[in-house]
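Descriptive structure summary
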Amino acid sequence: MLIAERLAGRRFFVTGGTGFLGTALIERILRSIPDSEVVALVRPGRRSDPGERIARDILRNDCFARLRSELGEDFERSVASRLHAVAGDVSTDGLGLDAAGRALLASCDVVIHSAATVSFDAPIDHAVEVNLLGPARVAEAVALARAEGGTPSHLISVSTAYVAGAHQGETIERLLSEDRFSLNVDWEAEVRSARRLREDLEDASRLPDRLREFAKRAHDEQGASGTHLLAARAERLRDDWVRRQLIDAGSARAQTLGWPDAYAFTKALGERALVARHGPDSAAPVPISIVRPSIIESALAEPRPGWIRGFRMAEPIIISYARGLLREFPGVPEGVIDVIPVDLVVAAIVAVAARGPKGPKGAETPVYHVASGVRNPLLYGDLVQLVQEWFGRHPLYDEKGQPISVPEWSFPGRGRVQRQLRQATRLMSSAERGLKFVPFRHRQAEWAAKLEDRQTLAERALGYVELYGAYTETEARYRIDRLLELWGTLEDADRSVFCFDPAVIDWPHYVSEVHLPSVVERGRVRTSPTRSVGTDRETRLRRAVLSAERHLAVFDLEHTLIASTVVDSYAWLASRHMGADARVGFVADRLGAAPRWLSLDRRDRGDFLRSFYRRYEGAAVEELERDAWDLFHEFLLPRSFPAGIARVRHHRRLGHRTLLITGALDVVVEPLRPLFDDVVCARMTQREGVFTGRLAELSPIGEARAQLLDRYATEHGLSLDESIAYADSSSDLAMLEAAGYPVAVNPDARLAAIARRRGWLVEHWTRAHGGTSRLLPLGGLEARSLVIDRRRGDT
């Protein structure tokens, strides 16, 4: 009887359905097995129920394009009647199933557990909960369902070939408890240790010295962005520290026991826990089969050649190599890189389901390797050669439209590459920290941001070497005797529909004609001199910002619309009536005070403004108001950014409300009022016609700007999600984050780095030319000019 006939009408329970392998499994079952049904265990999202997640994360994936095409208009109805969602989580005892979920599980004939934390550098406690305890939790739920009168289900647990370690030589398909070369590790002790480690690290992360370190790092990264944002960043740094320690602990523990990483380590102990709790000799036995694939990559043929979901192990390395970012990578050219296409793994799992839990020769817990290294080996050196030749014919292009020449790897040892990358990372980290304290702006700030990008790339390359180097240097071989025995029982029709023999793979064809084109297609990389992913993204962001659907545009002033500061304005006003000798002394005094002002401004913008504005004490109000107009025309206007002024007017033409928030004095910004619907600025108190030097109202700074923006939007019936915020400094981070569309204008080094990381729109606006001319060409968005008449205040 054919596989499809044996499994027709069966109901499958699948975990991990939103992942790479799980999505392919669900599609193949629905397309190839008549009248079958699938119950998918799905973690509920914060804003979506399991049914919505299946629709969004599974059915909309291009994996289902073939089935959708075959069924046509009947697709939605057919899938709705055969694919059922149930809320649950394999990291929770009982899978977190409610009564309805338990009833659905009890009705299933086959349970396929493919859920896993597949990251090679997951925190050890999380990997333990999912990879180690997950299979046993699924088996326990199956045993309970059977005890309550449910269908006797066959559990197929998907593991990895690397549970057998990465030692040299061939490994046969057997349980680890039956392998004399496998260490007998107490899996229960490892669970207790991982959970205890999390608690210990949480305590350690809250020690005073460490908390001060996190606070300092937060301030170094974000400057005076506000108490709440700095606290939130410090807390994220604390969480990251705990996570990093858990990752390092897992890697160290795995490697000292002979596994390449925490993934293989926890999957190996997961097999032990599964068999110990629910194997044939346990108190609650469940019919179990174990399938161990090697490195799963893009599809050979099903549902279409090259289909892949997300980037697997090889793809980040391939793209980094093609972009010229990985000059070297360790590996043994004569070694085998054990890759298996995802559709062969799916076909093998379906065939195991059709056979049932009894393997050849009555094996009580049969183990099946699905690997290519023995049957059809792909040598690492050959793979590198194929990749190099392909990108030689189909190069990627850099930002200038020039083809990127890929390097030739010399296959150095892992230790050497790690040392080189660590040294480069340290040097760039030191330089990047130093640049954050230099008051760069405009393109110079981009230099600092690009240096941070290069550091990130170096750290990423180091991560690839540390994570995957063991896999490119391994000389392990995973025998597939049991898989081939199963293959030998199939009829020709099954071999055609459910092919899982690795011998069918033509590696040069698969790598060059199937896998690499798919990787490049999904990699969002530049494949021609004219195609620019970055430019397209920038255009899309600017189009979104200037959409008529937006509600509000809020602007900072200094270095956002005008290349000037409150210090510059004061210096011009204070010195304009001085003689030459007095002016020299004034400049010297200003230069001497500059470091103190800069330090105070970086530490607390509010304290700086309150302290600095005391210099206006005793200034005549009427004289300062007259001088402020001359300040605007003769000093500020020539230093304004025409594109910025044009952007304000463009927003007004679109019907957006415009708001200026600045720490500058009201008398200084008075000429700009006609540009905006509202202006929020600083005001000084007066007594008997002179300024007191004390502020009657300090313009909101830092987080207070975000709060003001929230109140303003509420009062005017506007949505913050439909608002745009323009600012130049990390001190305005709270305001930028509050808006749905943040725009960094001529950003300082800190903000440039944040904007690049978060994918924000960055504008580089240059200042006006023409000395003290009162006619300011707008350029860019419109040909008209901005003329401000001192007498009428018109714009």
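This text follows the structure it describes.
For clarity, every value in this text was computed on a predicted model and none was experimentally measured.

The next subject is the pattern of salt bridges. Taken as a whole, this structure holds 39 salt bridges when the rule is applied. Here Glu302 ties to Arg31 by a salt bridge, and the two come within 2.7 Å at their closest N and O atoms. Taken together, the positions of Glu302 in the loop between β8 (295–297) and α13 (314–322) and Arg31 in helix α2 (residues 20–32) put the pair 271 residues apart, joining distant regions of the chain. Each member of the pair Glu302 and Arg31 is classed as buried. Measuring nitrogen to oxygen at the nearest pair gives 2.6 Å for the salt bridge that ties Glu190 to Arg253. Placement of Glu190 in helix α9 (residues 187–204) and of Arg253 in helix α11 (residues 227–256) is noted, with a sequence separation of 63 residues between them. Among the residues examined, Glu190 registers a relative accessible area of 11% and is labelled buried. Look at the salt bridges and you will find they share partners, linking Asp125, Arg198, Glu202, Arg206, Glu235, Arg238 and Asp239 into a network.

Turning our eyes to something else, we now look at the pairing of strand β14 (residues 678–687). Of the strand pairs in this sheet, strand β13 (residues 657–665) and β14 are connected by 4 bridges, and their pairing is parallel. The residue bridging Ile661 from the neighbouring strand is Val680, located in β14. Bridge count between β14 and strand β15 (residues 690–697): 4 bridges; the pairing is antiparallel. Opposite Arg683, over in β15, you have Glu697 as the bridge partner.

It is worth spelling out the packing of aromatic side chains at this point. The full count for this structure, using the stated rule, is 11 aromatic pairs. On the basis of an interplanar angle of 35° and a centroid distance of 5.3 Å, the ring pair of Phe20 and Trp307 is categorised as tilted. Of this pair, Phe20 sits in helix α2 while Trp307 sits in the loop between β8 and α13, placing them 287 residues apart in sequence. Taking relative accessible area as the criterion, Phe20 reaches 5% and is therefore assigned buried.

With that out of the way, let us pick up the nonpolar core. Ranked by size, the top nonpolar core spans 122 residues in total, and within it Phe12, Ile112 and Phe391 carry the most contacts. Take this core: its biggest share by element is 12 residues, from helix α14 (residues 342–355). If we skip the residues at most four places from it in the chain, Phe391 touches Ile318, Ala322, Leu396, Val406, Leu516 and Val520. Ranked by size, the runner-up nonpolar core spans 50 residues in total, among them Val545, Phe555, Phe632 and Trp765.

Let us look at the sheet that holds β14. Overall, mixed pairing links the 7 strands, which are arranged β15-β14-β13-β12-β16-β17-β18 in an open sheet. Strands with a single pairing partner mark the edges of an open sheet, and in this sheet they are β15 and β18 (761–763). Mean inter-strand twist for the sheet, computed between neighbouring axes without regard to direction, equals 25°. Set on the sheet, helix α26 (residues 642–653) makes contact with β12 (552–555), β13, β16 (723–727) and β18; between it and β12 the angle comes to about 160°.

Looking now at unusual backbone geometry. Cis geometry is found at the peptide bond from Glu302 to Pro303, where omega equals -5°. Tracing the sequence through the fold places Pro303 in the loop between β8 and α13. In the Ramachandran plot, His559 falls in the positive-phi region, its phi being about 65° despite a non-glycine side chain. Along the chain, the position of His559 falls in the loop between β12 and α22 (566–575). Judged by its relative accessible area of 17%, His559 falls in the buried class. For Asn746, which is not glycine, the phi dihedral falls at a positive 40°. Mapped onto the secondary structure, Asn746 falls in the loop between β17 (741–745) and α30 (749–758).

Another point: the environment of Gly717. Relative to the elements of secondary structure, Gly717 occurs in the loop between α28 (703–715) and β16. Taking C-alpha positions, Gly717 is 9.3 Å from His551, a pair spaced 166 residues apart along the chain.

What follows deals with the packing of helix α7 (residues 124–132) against helix α8 (residues 134–147). Helix packing geometry: the angle between the two helix axes and the distance between the axes. Closest axis-to-axis distance for the α7/α8 pair is 4 Å, and the angle between their directions is 35°. In this structure, α7 contributes Glu129, Val130, Asn131 and Leu132 to the contact, and α8 contributes Gly134, Pro135 and Arg137. In the contact of α7 with α8, the residues fall into 3 nonpolar, 2 polar and 2 charged.

A few words now on the side chain of Thr692. With respect to the helices, strands and loops of the structure, Thr692 is situated in strand β15. Residue class for Thr692 comes out buried when judged on its relative accessible area of 14%. Looking at Thr692, its side chain comes within polar contact range of the side chain of Thr685, at 2.3 Å. A polar side-chain atom of Thr692 sits 3.1 Å from the main-chain amide nitrogen of Arg694. Ignoring anything within four residues of it in the chain, the contact list for Thr692 reads Glu617, Thr685, Gln686 and Arg687.

This brings us to α22. For α22, the tally of buried residues reaches 8 of 10 residues, placing the bulk of the element in the interior. Turning to α22, its buried residues number three or more, namely Val566, Val567, Ser569, Tyr570, Ala571, Trp572, Leu573 and Ser575.

Cut-off values and rules
Residues numbered from 1 in each chain as written. Predicted model: local features only at pLDDT ≥ 70, side-chain atom pairs only at ≥ 80, totals over all residues. Heavy atoms only, no water. Salt bridge = Lys/Arg side-chain N within 4 Å of Asp/Glu carboxyl O. Helix = DSSP H or I, 4+ residues; strand = E, 2+ residues; numbered from the N terminus. Buried < 20%, exposed > 50% of the residue type's maximum accessible area, 1.4 Å probe, protein only. Pairing = 2+ DSSP bridges. Phe/Tyr/Trp six-rings, centres within 6.5 Å; stacked < 30°, edge-to-face > 60°. Core = buried A, V, L, I, M, F, W, Y, C linked by side-chain atoms within 4.5 Å. Contact = heavy atoms within 4.5 Å. Axes fitted to C-alpha atoms, helices over the stretch in contact; angles between N-to-C directions. Nonpolar A, V, L, I, M, F, W, Y, C, P; charged D, E, K, R; others polar. Polar contact = N/O pair within 3.5 Å; in protein donor to acceptor, adjacent residues only side chain to side chain.

Keep in mind these numbers describe shape, not what the thing actually does.
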